[in-house]
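# Structural overview
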Amino acid sequence: MAPPEHTALIAALAAIVGAERCLARREELFVYECDGLTLHTADPSAVVFPETRAEVQAIVRACRQHGVPFVPRGAGTGLSGGALANDGAVVIECSRMNRIRAIDPPNRLAVVEPGVVNADLSAAARPHGLFYAPDPSSQLACTLGGNVAENSGGPHTLKYGTTTDHVVALELVLPDGSCFELGSPTGFTPGFDFVGAVVGSEGTLGIVTAIVVRLEPIPEAVETLLAIFPDVVSACRAVGAVIEAALVPAALEIVDQRTIRAVEDSVYAAGLPRDAGAILIVELDGPAVALPAQVERVRELCAGAGADRVEIARDEAERQRFWRARKGAFGAMGRLAPDLYVHDAVVPRRALPEVLAKVCEIGDRHRLTLSNVFHAGDGNLHPNISFDRRDPEMLARVMAAGEEILRLCVAAGGVITGEHGVGTEKREFISLVFSDADLEAMQRLRATFDPDRSCNPGKIFPTTRFCAESNPKARGYDRVPL
Amino acid sequence: MGELEALAPQLGDALRFHDPVAVDGVPVNATLVPRDADDLSALLVALGEERCAAIPLGAGTQLGLGNAPRRADCFVSLEAFSAIDELDASEGVCHAGAGTPLAELRARVAEAGWELPLDDAGRGGTLGGALATAALAPRALGFGRPRDVVLGCEVVLADGLRTRCGGRVVKNVTGYDMAKLYVGSLGALGVITGAWLRLAPKSAAVRVLQGDELSDADAVELGVFAARLATAHSCLLCDETRGLRATVELAGDEASVEQDARQLEERGLHGANSALRDAAAARRFAALRGALRVVVSALPMRIAPCVMELRGQGVELLVLPGLGLVCARASAEDADALFDAAARAARAGGGRMLCERAPHEAKHGRDVFGAPPAEVALSRALKARFDPNDVLNRGRFAGGV
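Residues numbered from 1 in each chain as written. Chains lettered and ligands numbered in written order. Predicted model: local features only at pLDDT ≥ 70, side-chain atom pairs only at ≥ 80, totals over all residues.

## Details of the interface of chain B and chain A
- Listed by partner, the interface residues are 57 residues for chain B and 66 residues for chain A.
- Counting only elements with at least two residues in the side of chain B that touches chain A, the list comes to α6 (146–149), β9 (162–166), α7 (178–182), α9 (254–266) and α14 (373–386) of chain B.
- Top contributing element to the side of chain B that touches chain A by residue count: α14(B), with eight residues.
- Split into classes, the residues belonging to the side of chain B that touches chain A amount to 26 nonpolar, 17 polar and 14 charged. (Contact = placed C-beta atoms within 7 Å. Helix = DSSP H or I, 4+ residues; strand = E, 2+ residues; numbered from the N terminus. Nonpolar A, V, L, I, M, F, W, Y, C, P; charged D, E, K, R; others polar.)

## Description of the domain arrangement of chain A
All names here are of chain A.
- Examined at the domain level, chain A breaks down into domain 1 (1–218), domain 2 (221–332) and domain 3 (337–475).
- Counting residues at the interface gives 20 residues for domain 2 and 14 residues for domain 3.
- For the side of domain 2 that touches domain 3, the secondary structure elements donating two or more residues are α8 (232–244), β13 (251–256), α9 (257–264) and α12 (329–333).
- Take the side of domain 2 that touches domain 3: its biggest share by element is seven residues, from α8.
- Class assignment of the residues belonging to the side of domain 2 that touches domain 3 gives a composition of 13 nonpolar, two polar and five charged. (Domains from an automatic or database assignment.)

## Considering the environment of B:E221
- Among the structural elements, B:E221 can be located in helix α8 (residues 216–227).
- Along the sequence, B:E221 and B:L197 sit 24 residues apart, while their C-alpha atoms lie 34 Å from each other.

## Describing helix α11 (residues 316–327) of chain A
- Between its terminal C-alpha atoms α11(A) stretches 15 Å, which fits the 16 Å expected from 12 residues at 1.5 Å a residue.
- Residues of α11(A) that are buried make contact with β12 (221–229), β13, α9, β14 (278–286), α12 and β18 (369–375) of chain A. (Expected span 1.5 Å × (residues − 1).)

## Focus: helix α1 (residues 3–11) of chain B
Residue and element names in this part refer to chain B.
- All buried positions along α1 are accounted for by L4, L7 and L11. The arc enclosing the buried residues of α1, seen along the axis, measures out at 65°, which places them on a common side. Exposed and facing more than 90 degrees away from the buried side of α1 are A6 and P9.
- Contacts made by the buried residues of α1 are with β1 (15–23), β2 (26–32), α2 (37–49) and β4 (74–77).
- At the exit of α1 stands G12, carrying a positive phi of roughly 60°. (Buried ≥ 20, exposed ≤ 12 C-beta atoms within 10 Å, placed from the backbone. Arc of directions from axis to C-beta.)

## Digging into the packing of α8(A) against helix α10 (residues 291–304) of chain A
All names here are of chain A.
- Closest axis-to-axis distance for the α8/α10 pair is 8 Å, and the angle between their directions is 140°. In this view, α8 runs oblique relative to α10, as classed from their interaxial angle. For the pair α8 and α10, the sense of crossing is right-handed. Residue-level inspection shows A238, A241 and V242 of α8 in contact with α10, the latter providing V298, L301, C302 and G304.
- Among the residues making up the contact of α8 with α10, the classes are represented as six nonpolar, one polar and no charged. (Axes fitted to C-alpha atoms, helices over the stretch in contact; angles between N-to-C directions. Parallel < 35°, antiparallel > 145°, perpendicular 65-115°, else oblique. Left-handed = near helix turned anticlockwise from the far one by under 90°.)

## Examining the pairing of β14(A)
Residues and elements named next belong to chain A.
- Of all nine residues making up β14, nine are buried, and the element is well covered by its neighbours.
- Going residue by residue along β14, you find A278, L280, V282, L284 and G286 tucked away on one face and I279, I281, E283 and D285 tucked away on the opposite face as well.
- In this sheet, β14 lies alongside β12 in antiparallel orientation, the contact comprising nine bridges. Following the sheet pairing, I228 is matched in β14 by I279. (Pairing = 2+ DSSP bridges.)

## A short note on the nonpolar core
- Within the largest apolar cluster, 301 residues are counted, with the highest numbers of intra-cluster contacts made by A:A227, A:I279, A:L280, B:A54, B:V296, B:V326 and B:A342.
- Among the elements that line this core, the one with the most residues is helix α12 (residues 335–349) of chain B, at eight residues.
- Those residues in contact with B:V326, other than ones at most four positions away along the chain, are B:V296, B:A298, B:I303, B:C306, B:V307, B:L310, B:L317, B:V319 and B:A345. (Core = buried A, V, L, I, M, F, W, Y, C linked by C-beta atoms within 7 Å.)

## Regarding the sheet that holds strand β6 (residues 109–112) of chain A
Residue and element names in this part refer to chain A.
- Taken in spatial order, the five strands of this open sheet run β5-β6-β10-β8-β9, and their pairing is antiparallel. Lying at the two open borders of the sheet, with one neighbouring strand each, are β5 (100–104) and β9 (179–183). Each neighbouring strand pair of the sheet contributes to a mean axis angle of 10°, computed without reference to strand direction.
- Bridge analysis of β5 against β6 gives four bridges, and the strand direction is antiparallel. Residue I100 lies in a different strand from β6, and its bridge partner there is V112.
- Against the sheet, helix α3 (residues 53–65) engages β8 (167–173), β9 and β10 (207–214), with an angle of about 50° to β8.

## Observations regarding the domain arrangement of chain B
- As assigned here, chain B comprises domain 1 (3–79 + 386–400), domain 2 (84–201) and domain 3 (207–290 + 292–358).
- Each of domain 1 of chain B and domain 3 of chain B has a C-alpha centre, and the two are 36 Å apart.

## Focus on the sheet that holds strand β3 (residues 70–73) of chain A
Residues and elements named next belong to chain A.
- Spatial ordering of the open sheet is given by β1-β2-β4-β3, a layout of four strands whose pairing is mixed. Lying at the two open borders of the sheet, with one neighbouring strand each, are β1 (22–23) and β3.
- Pairing geometry for β3 and strand β4 (residues 90–93), over four bridges, is parallel. Bridging across to β4, V71 finds its partner in V91.
- Where α3 meets the sheet, it contacts β2 (46–48), β3 and β4, and its direction lies at approximately 175° from that of β4.

## Topic: the pairing of β13(A)
Residue and element names in this part refer to chain A.
- Within β13, six of the six residues are buried, which leaves the element mostly enclosed by the surrounding structure.
- Taking every second residue as pointing to the same face, both faces of β13 are buried, with A251, E253 and V255 on one and L252, I254 and D256 on the other.
- In the sheet, β13 pairs with β14 via six bridges, with the strands oriented antiparallel. Looking at the pairing, A251 lines up with E283 of β14.
- Bridging between β13 and β18 involves three bridges; their strand directions are antiparallel. From the neighbouring strand, E253 faces β18, where its bridge partner is H375.

Structure (structure tokens):
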């Protein structure tokens, strides 16, 4: 049964999309209580599945009329609680807006709806010799609308950039129900760069109903190296050497020993040496004539940094094996504990060795199983903490360690998120990076689009400034519904 | 006594009067020279209280960009913000003040073994000016647009609020990407005082190739092909006396550059003196600084019809196929015809138009940014939030905000 105060709204929503595309019973809503970050929960008032822009506009207007906020949601794979239905919001689930409206190979563009799955776009573009570059780890499930909201990256961000580097135009339904076409397919937009502002705004400025993206040519050749190091510090040193050598690999990924062992104990086993301190995956792509010299240079740099050995994938199967160690890491963690907290922060690349040592020390001090798989080329750390959320005491240690890691990264010149977003998870920590004045400027942007804060409330901005230390619910680690 | 004169005691040493400098017909005879960001903040607050209007000023190389100001009492000089505070060669990032001359910054970055990925096409100017105008030049093909280069920046908003966004790290989604909003906004929201930049690796090899006497159709087809080569760094098609000349700069590793050069040679281009590498872009851009200049964007496959629309006006053209830009120069008396043709060309190209330069009489009654009405409404709302007293660049930006 829907809460009685929402009965009229739910009837209005059902009238817009039909009863079969409007969920309101508690058991139906349960799956929408969280996203990929299960630490936080919030119960939506309803979940609606629009199929057109007009339906989105009507839904937004109905919510506005009834004074109920709303939250856009894609596949729910986000890792910062960005799609949580705070304040009893209505979830606008965009997965049925999943048409690839056009692929324009001569102009290297695609027009898609927000519910298109990331990997599906690359699959559709591949026969034309093109692909969509941002490749978050969840690309088999995550949607492009969600990618726009979070400015998603992925392992190949180092060379190809994040979502913002590939989106040239958007159709955006504002919280008042009006609709704007922003940007230009040509990428040239005299005037404010509203597209740049909307990408990465975590669904707080409106609901994206169409996206024009740039497609990239599939590189002529790819070479993948796997360097095995005695420890993480020397692997980080190799990353620094590659960057300083002015090489721009497509990816530079480090997997630490704890992760290697977890992977080797799992179905993702890639034949890695269990006693390796860390592995570094280096992927180079581009013209075939360029790669032999680059491969040799990377091999030298890895050896110089202390690699025990460097393997070069001989074929696609071996390349996939190398990547299995990286891509299977999160799945492998599932063997260690029921829950996994995938943390996300960024530091200057040269700070990686020192910060990683301290991250591990933090995990050990809090008696947690902490492992690291990360985008080393970007300085983007992903300390992964395995835990059991049913154990409140352990949960408290997880969150305490998480906070310490964030403070450590900020002190090293870094930031609190490189690709997961602030969402609900880190909203109380954004003040570690930005002053009140900085946040005020962001609020002015938000107020331009959403003066009533009805679109995805409770994200990004602190709700309990200066009170986070004493308010465990604000810190969100007790799984108390927000 | 004007409002600015009335403020003189409050503005103190920062206020300097001088001979009038006309900005689109509006004479400006004073410049504020803040010592630091706090000073700048206080000055902007004072200007706002008296409803005065100011124009941020770097080297003044692009003062002609924008709509005619509705009012301008003074410039705000960024000369005190001229410092390269940090250059981290191991990271490939640097931080510099907005008043730093691009030439100085470029030289320092080169000394450190990197390249500054901001092409001013010989205009000169300051870092702040390059970011505020986000002006595109040929090497944006290889470097990316100015918006892509900025990792973070410090901005004093029009009402004096001192803010910072982004950071020094190369990947960051902490909060809104405010830098995207500030870069290219012509100081309409605030004054950029410094920025963190992502530097570009130096290329091991560079080659320049040219082809002459090309028809429009052949040149555009060749240009799109060349601009899509892996090592294409810049690609210009410019009017010469007997057709278009294509100039392509390749940069990257030696093997890739050689391979791409061979492909261009097979299409009839020939190696050019490497001195052209720097000279070509600058010379062509300088040549186009006529009284009236418009830029029209087009999808790659629609550049040709876009060129046809403009060609009918007898203008001089410069095409950047990789960036999808067609620049046209005409004399001032052709303003109406050129604006109309540019609007048609933008439609033909599936893009937008911008009038980069025009006599102020020609700007009257027009939005030189060609902003669509819906976007103007959002722009006005944004401006009102950030600059409630309409202090900065009053009326100059898109939609007259």
